[in-house]
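Below, each chain spelled out in residue letters.
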Amino acid sequence: MPAQSVKLVYNSDYATIQFVKKLLDQGPSTEKDKYFVLRGLDLHTIHFLDSLRLDYLSYNLRYYDYPVGQKMPLSFFRLMEKYILDETPQMSYRTYAEGIIPEEYIAQYERMLYLFKPIYQEIVEKPYDKQIKLAMQLLNTMMEDLDVTQKLHTIAGFYGVKMKDYVIAIYPVLDNLLTTGTSFLNRGEVALPIIHVDPRQAISTLVHEISHLFYSDMSSRMKRVIDATVVNSPWNGSRYANWLMDEVIATAVGNGWAYREMFNSEESGSWYYRNHYVSEASKIIHPLVSQYIKAGRSIDIQFINSYLEKLDRSVRRWMRDWDFLLQYREVRVPSYEYLTMVDMYYPFYYYRRYLIDNRLDEMLPTTTKMYIFSDNYEEEWKDVQKYLGEFVDSIPDFSKPFVKELVFIDRSKIILIHGDKAFVEATLQEHASWYQYQKRRRNAKR
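None of these values were measured; they are calculated from a predicted model.

Draft legend 1. Quick look at the side chain of threonine 367. Note on placement: threonine 367 falls in the loop between strand S6 (351-356) and strand S7 (368-372). Excluding its chain neighbours within four sequence positions, the residues that come into contact with threonine 367 are Trp243, Tyr328, Glu330, Tyr351, Ser412 and Lys413.

And the structure:
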């Protein structure tokens, strides 16, 4: 048995943080409904919840030069989650965090846990204590019976990295029917729909998330090779295919190869339910991934070229969809009120950054850019014109609203929008296929 291990843990503090995230989500949730029934008159606690800026914490300490396709940006939020998982009787998460994370944010977490841990325990932990313990026992047994650690060593070889020790936090959710997860800083999480636990889906999700950690651990040399291969590729969709690479490969590995190895069948339905682009792309490259793993080969230039070629037709089709383009986005907005508007119509993203009164040259070179003009469009156009150079041959007619899409030499896109707030919102809504789909579903139920 390999020395390195995967440790599954249930941590009440960590689960409380995820519970608070659910309360902060814009969409409906069982947790949110039960929270307001239980604490609907507790205005002090609700005010604190409204004042939380976890999203701000998530982006406060980012390395903006991180490879775009990589999901391991450093942030206060992720560091705090790691410290909470690493806490021992001898070392509290505060001890880990002091001197690294500003005191005001440490205090905010302490306040959050003080206020919401009793609520989480009353709504989730105590009523479902037996189910949580049974789920942990079942997953640990399956990890051993299926020899998941050995399979992860095989997958690590495919990524060209060495296996490490990993801690995966398991926490319950009440309203989802599907298992979800994420990964960060050699840690990961799997959210179990505790009322209907699907252990197979949970194990494949775990493998998926650790695959992201393997991708993060790939050598800087290999990442430079990937970048150079993408830049020099003849395929027009290469830039956006590169954005998907980490997620697509992890899905093809965890939900494809590993699922078949463990359960002798392919996972039914969507392999990545939150993003049909990733699900479709992972099924396209699954045979390539399986071929490499079975042959004991690691990701190389030949793999990257094959990956880009196989996905090019689909990616070029998706490049017409704003839902696809805005998964990695930087948006220059006239004021803060536009932030909620963009997020409402385009809620799914892997990377996002909003700028107010910033220049285009302060944006990353490889993201989709959206520039929404304000009333000061004459000065703003000078900035756009300077940035776009030869890609702009004439001044737009600012006397009427317009939407323009341009493709850069690096094959990424910029979307220019000019008009009043109503026009901007109508434009965002019109191009939001996911939003339109949900709207049709709601109307059909009436």
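Having put the structure on the table, let's press on.
Draft legend 2. How the structure looks around the pattern of salt bridges. Tallied over the full model, the rule gives 19 salt bridges. Aspartate 13 is the partner of lysine 117 in a salt bridge, and the nearest nitrogen-oxygen pair spans 2.8 Å. Of this pair, lysine 117 sits in helix H7 (residues 103-125) while aspartate 13 sits in helix H1 (residues 12-24), and the two are 104 residues apart along the sequence. Note on lysine 117: relative accessible area 25%, which makes it partly exposed. Across the pair lysine 21 and glutamate 81 runs a salt bridge, and its minimum N-O distance is 3.1 Å. Of this pair, lysine 21 sits in helix H1 while glutamate 81 sits in helix H5 (residues 76-86); the two residues are 60 residues apart in sequence, bridging distant segments of the chain. Each member of the salt-bridge network shares a partner with another, and the members are Arg94, Glu98, Glu103 and Glu110.

Draft legend 3. Broad picture of the sheet that holds S7. Ordered in space as S6-S5-S7-S9-S8, the five strands form an open sheet in which the pairing is mixed. If you trace the sheet from one side to the other, it starts and ends with S6 and strand S8 (402-407), each paired once. Between one strand axis and the next, the sheet turns through 15° on average, direction left out of account. Relative to strand S9 (residues 413-418), S8 runs antiparallel, the two sharing six bridges. Bridge assignment links phenylalanine 402 to a residue of S9, and that residue is histidine 418. Where helix H17 (residues 377-388) meets the sheet, its contacts fall on strand S5 (328-333), S7, S8 and S9, and the angle it forms with S9 comes to roughly 165°. Most of the contacts of helix H18 (residues 421-431) go to S9, to which it runs at about 140°, and overall it touches S7, S8 and S9.

Cut-offs applied
Residues numbered from 1 in each chain as written. Predicted model: local features only at pLDDT ≥ 70, side-chain atom pairs only at ≥ 80, totals over all residues. Heavy atoms only, no water. Helix = DSSP H or I, 4+ residues; strand = E, 2+ residues; numbered from the N terminus. Contact = heavy atoms within 4.5 Å. Salt bridge = Lys/Arg side-chain N within 4 Å of Asp/Glu carboxyl O. Buried < 20%, exposed > 50% of the residue type's maximum accessible area, 1.4 Å probe, protein only. Pairing = 2+ DSSP bridges. Axes fitted to C-alpha atoms, helices over the stretch in contact; angles between N-to-C directions.

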